[in-house]
Protein chains: 2
Amino acid sequence: MRPTKILKTGIVQHTFSPEIEVNRNRNIAAIERLADEGAQLVVLSELHDSLYFCQTEDVANFELACRPEEEFTEIYSQAAADNKVVIVASAFERRAPGLYHNTALVFDSDGSTAGKYRKMHIPDDPGFYEKFYFAPGDLGFRPIDTSIGKLGVLVCWDQWYPEAARIMALRGAEMLIYPTAIGWNPDDTPEEKARQREAWITIQRSHAVANGVSVVSVNRFGFEDDPSGQTSGIDFWGSSFVAGPQGEMLLTAPDDAPFEGVADIDLERTQEVRHWWPYLRDRRIDAYGDLLHRFID
Amino acid sequence: MRPTKILKTGIVQHTFSPEIEVNRNRNIAAIERLADEGAQLVVLSELHDSLYFCQTEDVANFELACRPEEEFTEIYSQAAADNKVVIVASAFERRAPGLYHNTALVFDSDGSTAGKYRKMHIPDDPGFYEKFYFAPGDLGFRPIDTSIGKLGVLVCWDQWYPEAARIMALRGAEMLIYPTAIGWNPDDTPEEKARQREAWITIQRSHAVANGVSVVSVNRFGFEDDPSGQTSGIDFWGSSFVAGPQGEMLLTAPDDAPFEGVADIDLERTQEVRHWWPYLRDRRIDAYGDLLHRFID
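The following paragraphs examine the structure supplied in this document. This is a predicted model, so every value here is computed, not measured.

So, the overall build of chain A
Right, so step 1: Secondary structure summary: chain A contains 7 helices and 15 strands in total.
Right, so step 2: What you see for chain A is a C-alpha radius of gyration of 18 Å, in line with the 19 Å of a compact globule of 297 residues.
Right, so step 3: Viewed in the frame of its principal axes, chain A has a C-alpha envelope of about 55 × 55 × 40 Å.
Right, so step 4: By the burial criterion, 63% of the 297 residues in chain A qualify as buried.
Right, so step 5: Long-range pairs, those at least 24 residues apart, make up 68% of the contacts in chain A with a sequence separation of at least 6.
Right, so step 6: Counting every atom, chain A has about 10700 Å² of accessible surface; 50% of that belongs to carbon and sulfur.
Right, so step 7: Computed over 29 positive and 47 negative side-chain charges, the separation of the two mean positions in chain A equals 7 Å.

Quick look at the structure:
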């Protein structure tokens, strides 16, 4: 028998309230439920303590930020310890006056802070004004060591970049994890919506395939209004999923409802799949220098 | 109205005979048919002049190689000129005694040789003993300029490497093209076969998504015996396809039959999609240095 190392992974695809307290209580309750189902790891979606405030550029929203060392960490590290689960949480980090990041924090199952990742690729699109709020991450692409393995935690827009996934894998990540906040412009056609959602699933599954690791992607769900009234708001499309190291789907959440669920990820399967598909062996590192250029004109 | 630049792209998914003459005649006939249907570009599958000889390591097979300057080029450049189409062909290149490559050759619609690409990533798996036959390419990842645009031609195993696709895009490729030879071990379970085929489609569609360019992948079709009897041979799974720059499928060939067909690729759509999804803008070229390492221990 092939050895197995099953990691029970819980995902939380929620809608959000304007009240931080309400969101936190819902998140904690979901973590408890998933732990009761046996989850050893729980992944929350991006910026799960608030509405997705980046729909407008408003300095008042900097009030939503927190020092991760303070209340945010108290609450989620306590939840990790109480439920003996590893938690991947997503914070609006206040680092210094006028300096903020979109930061994933990982709490180990004893409540200690295992590490953090500051979102490296920052989007800026109508309705997703993240360059206004978040400085690009300066911690690089480094897996976070936990009691359950080395977690390649990335955030949302990073998911479109094969480079980020690859570097995490080269640094020994045993799986990739994407808290995310992506949705439709309600005015788009059904065909355009389908293309966007499918592209989003495809690119993330491809990171599993290219690197022979599992991928966990957890998205927000539901409609959030644009307070400025300039756009029609965002329909966060849910569709969270867990894929195995061949890109095979292990768990898929709906695009039209909240969802909580647990997937069995076999971390030993990475070794098996990489024996069959030894892509790392054949990389042409002598010929990849162009990747460090913006463009080659 | 948005400008369009439609490129009619023909794909040839064939079975193969032990007779080179037979294969060449079939290929030429297919090129003629597709040109009659309006194709401006025709893509053949990998090593389309012979059986897939890499199922065994046999020095006798070096006899199958050719100098691309000689007969191979005469035949396919004539076909290009006769039919006024650009042809992406795939040759077993004899470069010097004991030095061979797996080389894609592009013939422009006037019969001139537009350029060549030597397969950079060389696989070696049971039944795919390519490291025995082919030296790794030494021409880098450079698009080939033709009268219909800059073609990012890569070959088979390259398709698993996001790095190759990215560099082609950074060097201005307007589309990606993969002649390929991939199939199932007939002994694998239906579930494993499905995972492999789906992973292969997923990774290539992801290159379209990540880079905002169309992707053309043309695979061999049908069963080819292992002359050594060591394996159960290869069931080449066809499934050739053309995807647009959001990864949307424009043309899909079956996995259980030969196929010829023409897809309309709108090369101007790349600009539109990259306006919506400006991934090139946000690449963290300051933080990608690790990509040039084999592994970071």
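Quick look at the packing of aromatic side chains
Right, so step 1: Scanning all chains against the criterion turns up 51 aromatic pairs over all chains.
Right, so step 2: Residues Y279 of chain A and W157 of chain B carry aromatic rings whose centres are separated by 5.1 Å and whose planes lie at 50° to one another, so their mutual orientation is tilted. One end of the pair, Y279 of chain A, is in helix α7 (residues 279-282); the other, W157 of chain B, is in the loop between β7 (149-153) and α4 (162-170), on a second chain. You'll find Y279 of chain A and W157 of chain B in the same group, each marked buried.
Right, so step 3: A ring pair is formed by F92 of chain B and Y100 of chain B, whose centres lie 5.5 Å apart and whose planes are at 45°; its orientation type is tilted.
Right, so step 4: What links up through ring pairs into an aromatic cluster is the set F53, F62, F92, Y100, F132, Y133 and F134 of chain A.
Right, so step 5: In this structure, R220 of chain A is placed above the aromatic ring of F236 of chain A, and the distance from its NZ or CZ to the ring centre is 5.3 Å.

Considerations on the state of the cysteines
Right, so step 1: Evaluated as defined, the whole model comprises 0 disulfides over all chains.
Right, so step 2: Cysteine C156 of chain A remains unbridged, with the sulfur of C54 of chain A as its closest cysteine sulfur at 9.7 Å.

Brief notes about the relation of the copies chain B and chain A
Right, so step 1: Note on the copies: chain B fits chain A at an RMSD of 0.0 Å, the axial shift is 0.0 Å, and the rotation between them is 180°. As the rotation angle and translation indicate, the two copies are arranged about a two-fold axis.
Right, so step 2: The fraction of interface residues of chain B whose copies in chain A are also interface residues reaches 100%, indicating that both copies meet through the same surface.

Let's talk about the sheet that holds strand β13 (residues 241-243) of chain B
Residue and element names in this part refer to chain B.
Right, so step 1: Here we have 6 strands laid out as an open sheet, ordered β6-β7-β8-β10-β13-β14, and mixed in their pairing. For this open sheet the edge positions go to β6 (144-146) and β14 (249-252), each flanked by a neighbour on one side alone. Along the sheet, successive strands turn relative to each other by an average axial angle of 20°, direction set aside.
Right, so step 2: Packing of helix α5 (residues 190-211) onto the sheet brings it into contact with β8 (175-180), β10 (214-219), β13 and β14, and relative to β10 it is tilted by some 150°.

What about the interface of chain B and chain A?
Right, so step 1: Facing 55 residues of chain B, the contacting portion of chain A comprises 55 residues.
Right, so step 2: Each partner contributes to the roughly 5500 Å² buried at the junction of chain B and chain A, and carbon and sulfur atoms together form 58% of this total.
Right, so step 3: With its nearest N and O atoms 2.7 Å apart, the salt bridge here joins E163 of chain B to R166 of chain A.
Right, so step 4: Looking at the side of chain B that touches chain A, the elements that each hand over two or more residues are α4, α5, α6 (269-276) and α7 (279-282) of chain B.
Right, so step 5: Ranked by residues supplied to the side of chain B that touches chain A, first place goes to α5 of chain B with 11 residues.
Right, so step 6: Counted by class, the side of chain B that touches chain A contains 28 nonpolar, 9 polar and 18 charged residues.

Rules and cut-offs
Residues numbered from 1 in each chain as written. Chains lettered and ligands numbered in written order. Predicted model: local features only at pLDDT ≥ 70, side-chain atom pairs only at ≥ 80, totals over all residues. Heavy atoms only, no water. Helix = DSSP H or I, 4+ residues; strand = E, 2+ residues; numbered from the N terminus. Rg over C-alpha atoms; globule rule 2.2 N^0.38 Å. Buried < 20%, exposed > 50% of the residue type's maximum accessible area, 1.4 Å probe, protein only. Contact = heavy atoms within 4.5 Å. Areas by Shrake-Rupley, 256 points an atom, 1.4 Å probe, with all protein chains shown as cover. Lys, Arg positive; Asp, Glu negative; His and termini not counted. Charge placed at Lys NZ, Arg CZ, Asp CG, Glu CD. Phe/Tyr/Trp six-rings, centres within 6.5 Å; stacked < 30°, edge-to-face > 60°. Lys NZ or Arg CZ within 6 Å of the ring centre and 35° of its normal. Disulfide = S-S within 2.5 Å. Least-squares fit on C-alpha atoms with pLDDT ≥ 70 in both. Pairing = 2+ DSSP bridges. Axes fitted to C-alpha atoms, helices over the stretch in contact; angles between N-to-C directions. Buried area = accessible area lost by both parts, 1.4 Å probe. Salt bridge = Lys/Arg side-chain N within 4 Å of Asp/Glu carboxyl O. Nonpolar A, V, L, I, M, F, W, Y, C, P; charged D, E, K, R; others polar.

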